[in-house]
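Each chain, written out:
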Amino acid sequence: MALSMRALQLTAAAGKGSGVFPQDSGEEERLLSANHEGNSANLRRIQVGVTGMTCAACSNSVGSALRGLKGVVNASVALLQNKADVTFDPTLVKDEDIRNAIEDIGFEAELLPEPSTLHSKPSGTLIGQFTIGGMTCAACVNSVEGILRKLPGVEKAVVALATSLGEVEYDPTVISKDDIINAIEDAGFEASFVQSNEQDKLVLGVTGIASEMDIQMLEGNLCILKGVRQFYFDRTSKELEIHFDPELLSSRALVDEIESSNYGKLKLLVKNPYTRMASKDLEESSNMFRLFAASLFLSVSVLFMQVICPLIPLLHSLLLWRCGPLQMGDWLNWALATVVQFVIGKRFYVAAGRALKNGSTNMDVLVVLGTSASYFYSVSALLYGAITGFWSPTYFEASAMLITFVLLGKYLESLAKGKTSDAIKKLVELAPATAILLIKDNGGKVVGEREIDALLIQPGDILKVLPGTKVPTDGLVVWGSSYVNESMVTGESAPVLKEVNSSVVGGTINLHGSLHIQANKVGSNTVLSQIISLVETAQMSKAPIQKFADFIASIFVPAVVTVGLLTLMGWYLAGILGGYPEEWLPENGNYFVFSLMFAISVVVVACPCALGLATPTAVMVATGVGANNGVLIKGGDALEKAQKVKYVIFDKTGTLTQGKATVTTAKVFSSMERGDFLTLVASAEASSEHPLAKAILEYARHFHYFDDPSTTKDAHINGLESKSFGWLLDVSDFSALPGQGVQCFIDGKKVLVGNRKLMSENRVAIPDQVENFVVQLEESAKTGILVSYDNDLIGVLGVSDPLKREAAVVIEGLIKMGVHPVMVTGDNWRTAKAVAKEVGITDVRAEVMPAGKADVIRSFQKDGSVVAMVGDGINDSPALAAADVGMAIGAGTDIAIEAADYVLMRSNLEDVITAIDLSRKTFSRIRWNYVFASAYNIVSIPIAAGVLFPRLKVKLPPWVAGACMAMSSVTVVCSSLLLRRYRKPRLTTLLEITVDRS
């Protein structure tokens, strides 16, 4: 059915946009999901089709009529869908009453069938990210967090001052993102939505719109596009936000449909939320600079009239020209200072007002108190002089210069804080913008290719990667071979060969040949996205030491205001009681004015911002530095614990060793042929998933196929998981025995492959010559595997897992750092001690089952020691979780992110040193930050109060106090930025590390 132009009339939002986002926010949740109040047993929800609505006024009229009915709990009207969603009490109002109410105001109404639950939003919570503007210190953060946590439906809320971001976990059936934004804005802060983990929303940049008709055509096409739930087009930013049903429409199909329906005139680009955030940060810095420049120009003009003009007779005479009750110079000073105070400085009054509204205080309150006192005193002095003829000195230049220096500090602070978030920006830049999609026919033949946005890649897509370009997403090579630079993931600069069946990571660089890859992880599931998310989460987190700053912030401003009042009263009373001579007073001044300047300086010089920024900025820089060095840190809590680590517990296999077990020895102690022996053992181990089993199977296969290289090659390509081994014997009743080995039956006879415990429990005798041979293997750091057939021990296999080359030097380095290394393994004691001896570990726990590793960790924690666990991140999750600091070591794909506090992206033990060393240096920097922030306030406040004036005649004018306050927070941020110069310890200098006893 054709859509009339009347149906295309849309509701504008704030005069800037249009779309299916009427004034009643959160419409999608109300129209497509049951209202949360409707979950009550005595409430009912229906949808009514409404005909005749042409504009927002019509929908408002319908909504008002429905909400006016007694018993209606909630009513929402969707203009474009021509529907009304009503939740009501059926004991008070009937369906017919609702329909009649709509018809009584001139519209046609029809009761619709009960809404299907197939398209309702899934239950559970969403995690939304919001930018929050206007926060200046820890008190603001506490205020916003408190407001968010009190909202119904909000499970968790974390706000970061350094990034001006808030992360909120909420139930979308109870509260919408618009409600969250409104709550923040009602508290006086600025807020905007960035992104969430919902999968049914897409933000697109639209190019090619030249007229209003283009917008109407776009909106008309969206209205009839099946699967589109809701959309909003911002005419200013040219951004299109679409909510759609992913079961009916994929994101790429949605973009293709929109572009094709507009005959290719419009081009759509998926907006990256991080790019949008970066542009907002840049805009904020630019705006702050413009305010500072304007304030500086006007403030310098005030100073020019007071300092320079008296030296120029012509200008001085003009300023002395009387214009009404005041001189021209007074009028100009008043006017310029007023612009600075209330136009340029409006942001401080707004911020102070919202802080007081929420029952808190912050730095803006101090700025407003100081500048207002100086400004309004000056105005009063002028008016008093005009009335009485007694002229007191004015301090317009103090209020103007104070705001100027505060704005300068804010601008420099925004630049410095921008530097602290460089890590995420660099990671985002790694993500490719586009990808080449190969188009295949039904037979699988490539018939063409097209360039698509990398954010529109879907699982299963076959993508072409040209030499010199970035791999578009995580996937598997299906054609070609090339070398890929994976340094962004592993930190290793050496290129890695990629062939068919090799896995690739999105964002890495293809160096030489062309590749065809099949996408298997896209969007937020890719390694790069997980790294970005982990770094972002770390920067949002708070270290426990931050609680100190939060406490200080809660009492700081009231304390400073109290000190300021005491300063005013002290100097004033001392003056009128003769405590100091009148010569100290300024020309035409009095005791009150003299005392007031000291009080203003006290209020202005105090700075809680520096304390609030001391920890988060250092944590932000540290997480970024760690990411650049292949060490992903979960947050400030992990950093604080890691710098106190006393014990580091290493898993042996895959952590201290390379995790590549190989059979080095196979000795037969019976009349069985060597080939038959290996076939028997391989057949028994073929069904096992243990790494040692795979090593045995590979060893036997190579021996078996010496005469058939082609088959060996084919088996190698297909991997060890292949079961097409014709040479293996039939096995029955297979069972794996944890901590012992495997058992099965071959040709009706029992086969055991495992350790001594397995043999003894099955009453298999171990001859002395076999025992001596196994002892020799174990003493040479190899694992001896015993094999019995029909209750007779027939042979032994020696398996070796080479140590990592850096293991010994890292262990020695940790000892030099004052950290005690411990090795835990499920292997036997002789092998464990032999391996430990090679790497220099004296404390060994052997024959420990995987579940028992956590118990070992707890035994070291009994005395309050901080224990770190380093594991391969696959089967060590319980131990990683039990440790104070869990470090998952891996290649960046199979890592236990949930269990670990640190993720070491490279399989290199040096990163354990890096993690601990970086943590120590970070908290050393945090302590210095607190020293700077605390010392500044401890020294500057007494000086501003005038303690040095009686003897040294040293005082801090208000505008100088403002400059000091502005620079204090910048100093702390710059101190944190020094962490960017961090260089991880090298192997050549590792052994020179000494214990820091401070």
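Residues numbered from 1 in each chain as written. Predicted model: local features only at pLDDT ≥ 70, side-chain atom pairs only at ≥ 80, totals over all residues. Heavy atoms only, no water.

Looking at the overall build of the chain
Using the following cut-off: Here a helix means four or more residues in a row that DSSP labels H or I, a strand means two or more in a row labelled E, and each is numbered from the N terminus. Buried means the residue's accessible area, taken with a 1.4 Å probe over protein chains only, is under 20% of the maximum for its type, while exposed means over 50%, and partly exposed covers the values in between. Residue contacts follow a heavy-atom distance rule, with two residues in contact if any of their heavy atoms lie within 4.5 Å. Note on areas: these come from Shrake-Rupley sampling with a 1.4 Å probe, and a residue is covered only by the protein chains present in the view.
Looking only at helices and strands, one finds 34 helices and 38 strands in the chain. With 998 residues in all, the chain has 52% of them scored as buried. Taking contacts inside the chain between residues at least 6 apart in sequence as the whole, the part at least 24 apart equals 69%. About 44500 Å² of surface is accessible on the chain, with carbon and sulfur atoms providing 57% of the total.

With respect to the sheet that holds strand β33 (residues 792-800)
Which entries qualify depends on this criterion: By this definition, two strands are paired if DSSP reports at least two bridges between them. Every axis corresponds to a line fitted to the C-alpha atoms, with the helix fit spanning only the stretch in contact, and the corresponding angles, defined between N-to-C directions, vary from 0 to 180 degrees.
The antiparallel open sheet is built from six strands, whose spatial order is β28-β33-β32-β31-β30-β29. A single partner strand is all that each edge strand has here, and the edge strands are β28 (662-668) and β29 (732-737). Neighbouring strand axes in the sheet, compared pairwise and without regard to direction, differ in orientation by 15° on average. Sheet analysis places strand β32 (residues 783-789) next to β33, joined by seven bridges and oriented antiparallel. The partner of T783 across the bridge, within β33, is V799. Strands β28, β29, β30 (741-746), β31 (749-754), β32 and β33 of the sheet are contacted by helix α22 (residues 674-685), whose axis makes an angle of about 75° with β33. Packed onto the sheet, helix α26 (residues 768-779) meets β28, β32 and β33 and runs at close to 10° relative to β33.

Structural notes on unusual backbone geometry
The phi angle at N501 is positive, at roughly 80°, despite the residue not being glycine. When you line up the elements, N501 lands in the loop between β22 (496-498) and β23 (503-504). Located in the positive-phi region is D790, a residue other than glycine, with phi close to 55°. Within the secondary structure, D790 is located in the loop between β32 and β33.

With respect to the pairing of strand β9 (residues 165-170)
Sheet analysis places strand β7 (residues 126-133) next to β9, joined by six bridges and oriented antiparallel. Residue pairing for β9: L126 is matched across the bridge by Y170. Across six bridges, the pairing between strand β8 (residues 154-160) and β9 is antiparallel. Residue pairing across strands places V158 opposite E167, the latter belonging to β9.

Examining the UniProt feature "transmembrane region" (unreviewed entry) in the chain
Just so we agree on the cut-off: UniProt positions are given in the numbering used here, feature names are shortened, and annotations may be inferred rather than shown by experiment.
According to UniProt, the "transmembrane region" (unreviewed entry) feature falls on residues 291-319, 331-353, 365-387, 393-412, 548-572, 592-614, 928-950 and 956-979. Spanning residues 365-387, this segment combines 100% helix with 0% strand, and its end C-alpha atoms are found 32 Å apart.

Things to note about the sheet that holds strand β34 (residues 820-824)
Through backbone hydrogen bonds, the strands of a sheet pair up, either in parallel or in antiparallel fashion. The mixed open sheet is built from seven strands, whose spatial order is β26-β38-β37-β36-β27-β34-β35. Bordering the open sheet on either side are β26 (631-633) and β35 (843-845), each of which pairs with just one other strand. Each adjacent strand pair in this sheet contributes to an overall mean axis angle of 20°, direction not counted. Taken together, the four bridges between strand β36 (residues 866-871) and strand β37 (residues 885-889) define a ladder with parallel strand orientation. Residue pairing in the sheet places M869 in a bridge with G886 of β37. In this fold helix α28 (residues 829-839) packs onto β34 and β35, with an angle of close to 150° to the strand it touches most, β35. Together, β27 (645-651), β34, β35 and β36 form the strand contacts of helix α29 (residues 853-861), whose direction differs from that of β27 by roughly 165°.

So, the confidence of the model for the chain
Worth spelling out the cut-off: Confidence scores per residue from the predictor, reported as pLDDT, run from 0 to 100.
In this model, the chain carries an average pLDDT of 79, and 84% of its residues clear a pLDDT of 70 or more. Low pLDDT, under 50, characterises residues 1-41; the stretch is placed with 111 contacts to residues that sit more than four places away or in other chains. Residue range residues 707-724 is modelled with pLDDT below 50. Its contacts to residues more than four positions away, or to other chains, number 14 contacts.

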